[in-house]
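Here's the letter readout for the chains.
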Amino acid sequence: MSSVQSPHSELVGALYRDHRGWLLAWLRRNVACPQRAEDLSQDTFVRLLGRNELKAPREPRAFLVAIAKGLLFDYFRRAALEQAYLSELMLIPEGEQPSVEEQQLILEDLKAIDRLLGKLSSKARAAFLYNRLDGLGHAEIAQRLGVSVPRVRQYLAQGIRQCYIALYGEPV
């Protein structure tokens with residue numbers, strides 16, 4: 001392995017050295033768990049390392065906070081999803097509840113679906129969920145989202161495409 005660092009990794013290293021402490025303090029103010037703040041801080045820099053291109057930001061702290069906020073939002077969304085699942089599970093009579101192993105598999109599937117739908121715009125995700133979970137028609141979804149019916153059809157197609165990718169992989 002070469003000891004020469006790429007400009008990309010050097011930039012991430014400089015951002016890490018110069019701003020990690022500040023970012024961690026910011027995350028600790030926004031997350032109750034210090035370990036979760038540590039994880040989110042590390043995930044922020046790992047996300048930067050995974051980028052194909054990275055230019056030096058004019059406002060490094062604002063740049064890092066924007067990435068961390070996205071990760072924080074994802075964390076809270078997954079936690080809310082898990083809590084909603086567990087709440088629904090409590091409504092099922094004890095004898096009919098899935099086993100602990102089945103519960104874990106279902107939860108992992110829900111998280112995978114959430115990740116897939118997370119790749120959609122907020123309106124496309126909402127349209128897909130309104131249609132598939134609430135059974136709303138195109139016109140009602142269009143009215144709720146303030147878009148046209150053809151736009152709703154596009155949103156639903158995007159959601160279906162994400163489901164296809166989940167089941168069969170990227171189309172060729």
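This one's a predicted model, so the numbers in the text were calculated from it and none came from an experiment.

1. With respect to the overall build of the chain
Item 1. Scanning the chain for helices and strands turns up 7 helices and 0 strands.
Item 2. Secondary structure elements of the chain, listed N to C terminal, follow the sequence α-α-α-α-α-α-α.
Item 3. Against the globule reference of 16 Å for 172 residues, the chain gives a C-alpha radius of gyration of 20 Å, more extended than a compact globule.
Item 4. Its C-alpha atoms give the chain principal-axis dimensions of about 55 × 45 × 35 Å.
Item 5. For the chain, the residues scored as buried account for 29% of the 172 residues in total.
Item 6. Carbon and sulfur atoms make up 55% of the accessible area of the chain, which totals about 11,600 Å².
Item 7. On the chain, the mean spot of the 23 positive side-chain charges and the mean spot of the 20 negative ones are 11 Å from each other.

2. Points about the environment of Ala-68
Item 1. The topology assignment puts Ala-68 in helix H3 (residues 60-90).
Item 2. Taking the C-alpha atoms as reference points, Ala-68 and His-19, separated by 49 residues in sequence, lie 12 Å from one another.
Item 3. Ala-68 has contacts with Leu-23, Trp-26, Leu-27 and Thr-44, leaving out every residue within four places of it along the chain.

3. As for the UniProt feature "domain: RNA polymerase sigma factor 70 region 4 type" (unreviewed entry) in the chain
Item 1. Within this numbering scheme, the UniProt entry marks residues 111-163 as carrying the feature "domain: RNA polymerase sigma factor 70 region 4 type" (unreviewed entry).
Item 2. Secondary structure within residues 111-163 divides into 77% helix and 0% strand; the distance between the first and last C-alpha atoms comes to 13 Å.

4. Structural notes on the confidence of the model for the chain
Item 1. Across the chain, the average pLDDT comes to 88, with 97% of residues at 70 or higher.
Item 2. By mean pLDDT, the top-scoring element of the chain is helix H6 (residues 138-145) (95), and the lowest-scoring one is helix H4 (residues 100-117) (85).

5. A look at a nonpolar patch on the surface
Item 1. Nonpolar side chains collect at one region of the surface, where Tyr-164, Leu-167 and Tyr-168 lie side by side and expose about 390 Å² of accessible area between them.
Item 2. Counting through the fold element by element, Tyr-164 comes out in helix H7 (residues 149-168).

6. Focus: the nonpolar core
Item 1. By size, the foremost hydrophobic cluster in this structure holds 19 residues, and its most contacted members are Leu-23, Trp-26, Leu-27, Leu-40, Phe-45 and Leu-48.
Item 2. Of all the secondary structure elements, the ones that give two or more residues to this core are helix H1 (7-30), helix H2 (34-49) and H3.
Item 3. In this view, Leu-40 contacts Leu-27, Val-31, Leu-71 and Leu-72; residues no more than four positions away in its chain are not counted.
Item 4. Ranked by size, the runner-up nonpolar core spans 13 residues in total, among them Ala-127, Phe-128, Val-152 and Leu-156.

7. Details of the packing of aromatic side chains
Item 1. Going through the model one piece at a time under the given rule, you end up with 3 aromatic pairs.
Item 2. Ring centres 5.0 Å apart and planes at 75° place the aromatic pair Tyr-16 and Phe-45 in the edge-to-face group. On the criterion of sequence distance, the pair formed by Tyr-16 in helix H1 and Phe-45 in helix H2 is long-range, its members being 29 residues apart.
Item 3. Among the residues examined, Tyr-16 registers a relative accessible area of 32% and is labelled partly exposed.

8. A few points about H6
Item 1. Listing the buried residues of H6 in full gives Ile-141, Ala-142 and Leu-145. Considered in projection along H6, the buried side chains sweep an arc of 100° and stay on one side of the axis. Exposed residues on H6 whose side chains face more than 90 degrees from its buried face are Ala-139 and Gln-143.
Item 2. Buried-residue contacts for H6 involve helix H5 (122-132) and H7.
Item 3. Two residues or fewer after H6 comes Gly-146, characterised by a positive phi angle close to 70°.

Each value, and the rule that gives it
- Residues numbered from 1 in each chain as written.
- Predicted model: local features only at pLDDT ≥ 70, side-chain atom pairs only at ≥ 80, totals over all residues.
- Heavy atoms only, no water.
- Helix = DSSP H or I, 4+ residues; strand = E, 2+ residues; numbered from the N terminus.
- Rg over C-alpha atoms; globule rule 2.2 N^0.38 Å.
- Buried < 20%, exposed > 50% of the residue type's maximum accessible area, 1.4 Å probe, protein only.
- Areas by Shrake-Rupley, 256 points an atom, 1.4 Å probe, with all protein chains shown as cover.
- Lys, Arg positive; Asp, Glu negative; His and termini not counted.
- Charge placed at Lys NZ, Arg CZ, Asp CG, Glu CD.
- Contact = heavy atoms within 4.5 Å.
- UniProt positions renumbered as here; feature names shortened; annotations may be inferred.
- pLDDT = per-residue confidence, 0-100.
- Patch = residues over 30% accessible without salt bridge, like charges linked within 9 Å, V, L, I, M, F, W, Y side chains within 5 Å.
- Salt bridge = Lys/Arg side-chain N within 4 Å of Asp/Glu carboxyl O.
- Core = buried A, V, L, I, M, F, W, Y, C linked by side-chain atoms within 4.5 Å.
- Phe/Tyr/Trp six-rings, centres within 6.5 Å; stacked < 30°, edge-to-face > 60°.
- Arc of directions from axis to C-beta.

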